[in-house]
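# Close look at the chain arrangement
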Amino acid sequence: DVKVTQSSRYLVKRTGEKVFLECVQDMDHENMFWYRQDPGLGLRLIYFSYDVKMKEKGDIPEGYSVSREKKERFSLILESASTNQTSMYLCASSTLAGAGETQYFGPGTRLLVL
Amino acid sequence: GENVEQHPSTLSVQEGDSAVIKCTYSDSASNYFPWYKQELGKGPQLIIDIRSNVGEKKDQRIAVTLNKTAKHFSLHITETQPEDSAVYFCAASMGSARQLTFGSGTQLTVLP
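Report on the accompanying structure. (Residues numbered from 1 in each chain as written. Chains lettered and ligands numbered in written order. Predicted model: local features only at pLDDT ≥ 70, side-chain atom pairs only at ≥ 80, totals over all residues. Heavy atoms only, no water.)

## A few points about the overall build of chain A
- A count of helices and strands for chain A gives 0 helices and 11 strands.
- In terms of principal-axis extent, the alpha carbons of chain A reach across some 40 × 30 × 25 Å.
- The buried share among the 114 residues of chain A stands at 49%.
- For chain A, the accessible surface area stands at approximately 5,500 Å², while carbon and sulfur atoms represent 49% of it.
- Chain A carries 15 positive and 15 negative side-chain charges, and their two centres are separated by 7 Å. (Helix = DSSP H or I, 4+ residues; strand = E, 2+ residues; numbered from the N terminus. Buried < 20%, exposed > 50% of the residue type's maximum accessible area, 1.4 Å probe, protein only. Areas by Shrake-Rupley, 256 points an atom, 1.4 Å probe, with all protein chains shown as cover. Lys, Arg positive; Asp, Glu negative; His and termini not counted. Charge placed at Lys NZ, Arg CZ, Asp CG, Glu CD.)

## Let's talk about the sheet that holds strand S1 (residues 4–6) of chain A
Residues and elements named next belong to chain A.
- Here 4 strands make up an open sheet; going across it, the order is S1-S3-S8-S7 and the pairing antiparallel. The sheet terminates laterally at S1 and strand S7 (65–70), the two strands that pair on one side only. Within the sheet, the average angular offset between the axes of one strand and its neighbour, ignoring direction, is 20°. (Pairing = 2+ DSSP bridges. Axes fitted to C-alpha atoms, helices over the stretch in contact; angles between N-to-C directions.)

## Overview of the pattern of salt bridges
Residue and element names in this part refer to chain A.
- The tally for this structure, following the rule as stated, stands at 11 salt bridges over all chains.
- With a closest N to O distance of 2.8 Å, Arg36 and Asp38 form a salt bridge. Here Arg36 matches Asp38 in class, with each residue buried.
- A salt bridge links Lys53 to Glu69, with the shortest nitrogen-to-oxygen separation between them at 2.5 Å. Taken together, the residues span a long stretch of sequence, with Lys53 in the loop between strand S5 (42–49) and strand S6 (56–57) and Glu69 in strand S7 at a distance of 16 residues. (Salt bridge = Lys/Arg side-chain N within 4 Å of Asp/Glu carboxyl O.)

That's the geometry; what it means functionally is another story.
And the structure:
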C-alpha cells in the first residue's frame, strides 16, 4: 500500500520561529511536492522536486525553502514563520513520467503561527 | 500559467440524486485532467482522470466529460451516497509538466 507520511498532524509555532515540515514517501517516487491548502483557494503549489538535491519553485514560493537530500524525504522550511503562513500543508509524490501521473498525498500538517 | 476555475464551491444533494461539478481551464496546451476527493482529516485521493484525446470516461457511479473546444470538464456522480460527502478538486496539467494546477474545491454534502 502506497504511503506518504508527514511528521506532524498539528503544529503551533510563534512568529519568527524557524519551522521544519517533513515528508517521507515509501514508493521510490522521483517527484515530490509541497502544497498549501486554504479555504476557497484550493491547493497551491509551493515547491516541487524531481530528483535528489533538485528543486523548482511553484506558484507561491515566497517565504519558503525546501530540501531534498534523500529520494524518499522532502522537507519544507519556513525560515521565519509569519501569521499569514497559518495553513494546511500537504505533501505529495508521483513517478517520474510527465503529465498524467497520479499524485499521492499525505494526511497534511495543520500549522498555526501565533 | 494555467488557471483552473471550479464551481460550485458548495453543493448539497439528496441521497440518490446526481451531483455535477464543473471546471474551466485557461491553457489550451493542457492535456490531463484528474479529479481528487478529500475526506475529512485526509489528504486528497485520485478518483478519476481523463486525457485530452478522450471525451468521456466512466467508472461505476462517477464519470468525467471533457470539452476541449470550450476548455471545460465536469465530474458527474450518480446515485449519490452519504460516503460521497467530501471536498472534490479538479486539476489540469500540460505537456511534460509534472505539476498540477488545482481548482478551488467543491464541498459536496449528501443529505440522507
